Amino acid sequence: NFYWRSLMDWNITQNLSSNIVFGILLFATIIYWISLSLFRGKKNLVQIGKLSALIANGLLFFILGSRWIVAGYFPLSNLYESLLFLTWTILTIYLYLEYKTKSKLLGAVLLPIALLINGFANLTLSADMQKASPLVPALQSNWLMMHVSMMMLSYATLIIGSLLCILFLVLSKLQDVDLQKK
């Protein structure tokens, strides 16, 4: 009875959901790495990893949406919410890129960074920093939602682009790469 009553507290529900996201991302990362190293021809493992990432993305969307509804403002006012939004943005872009390219290397490279960001938000920030708190009057503007969300989107694309460039350098080491079309 106490468990269900405490579960109705939104902070506890959102933190529990965020911890579940961490577990799912850890599972998906391990699945992708095992798929790349041990079972190269198996598509089922990649599908399980992709489905796990999709579930984690949905849970993050639920967390951010519920924080928006409960708190009454777009959830980007503190570090915890910004990191969750960054993780959600990275996962959304990753799922789109994997859908377009069908490359399982993307999951093996991009899911660990989403895992690390989510882990930092869940495991190192104090409970007080994870609570939704009202905005100071100077931040109560419609521009906050536009400015911070675009900034997080640009951070996510920068992180993804940087990781994909490092992946390209690792895969093409000691090889001549001709980037010009002939």
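Residues numbered from 1 in each chain as written. Predicted model: local features only at pLDDT ≥ 70, side-chain atom pairs only at ≥ 80, totals over all residues. Heavy atoms only, no water.

Visitor: What should I look at first to understand the nonpolar core in this one?
Guide: The nonpolar side chains of a soluble globular protein tend to be buried, and buried together. With 39 residues, the main nonpolar core has Leu25, Ile90, Leu91, Tyr94 and Leu111 as its most contacted residues. Sorting the residues of this core by element identifies helix H2 (10-37), helix H3 (43-71), helix H4 (79-101), helix H5 (104-123) and helix H7 (142-171) as the ones contributing at least two each. With residues up to four places along the chain from it excluded, the contact list for isoleucine 90 reads Leu110, Ile113, Ala114, Ile117, Ala156, Ile159 and Ile160. (Core = buried A, V, L, I, M, F, W, Y, C linked by side-chain atoms within 4.5 Å. Buried < 20%, exposed > 50% of the residue type's maximum accessible area, 1.4 Å probe, protein only. Helix = DSSP H or I, 4+ residues; strand = E, 2+ residues; numbered from the N terminus. Contact = heavy atoms within 4.5 Å.)

Visitor: Help me understand the packing of aromatic side chains, please; the structure alone is not making it clear to me.
Guide: Pairs of aromatic rings are described using the distance from one ring centre to the other and the angle between the two planes. In the structure shown here, the tally under the stated rule is three aromatic pairs. Measuring from centroid to centroid gives 6.0 Å for phenylalanine 61 and tryptophan 88, while their planes differ by 35°, and the two rings are tilted. Taken together, the residues span a long stretch of sequence, with phenylalanine 61 in helix H3 and tryptophan 88 in helix H4 at a distance of 27 residues. Taken together, the aromatic side chains of Phe61, Phe85 and Trp88 make up a single cluster linked through ring pairs. (Phe/Tyr/Trp six-rings, centres within 6.5 Å; stacked < 30°, edge-to-face > 60°.)

Visitor: Help me out: how do you make sense of the environment of isoleucine 117 in this one?
Guide: Topologically, isoleucine 117 is positioned in helix H5. A C-alpha to C-alpha distance of 7.9 Å links isoleucine 117 and leucine 84, two positions 33 residues apart in sequence. The contacts of isoleucine 117, once residues within four sequence positions are left out, are Leu83, Leu86, Thr87, Ile90 and Ile159.

Visitor: What's the story with the pattern of salt bridges in this structure? I'm lost.
Guide: For side chains bearing opposite charge, pairing can occur when the charged atoms are close. Applying the stated criterion to the full structure yields two salt bridges. Glutamate 81 is paired through a salt bridge with arginine 67; the nearest N and O atoms lie 3.0 Å apart. A residue pair is termed long-range when its members are at least 10 positions apart, and glutamate 81 in helix H4 and arginine 67 in helix H3 qualify at 14 residues. Take glutamate 81: its relative accessible area is 0%, and that puts it in the buried class. (Salt bridge = Lys/Arg side-chain N within 4 Å of Asp/Glu carboxyl O.)

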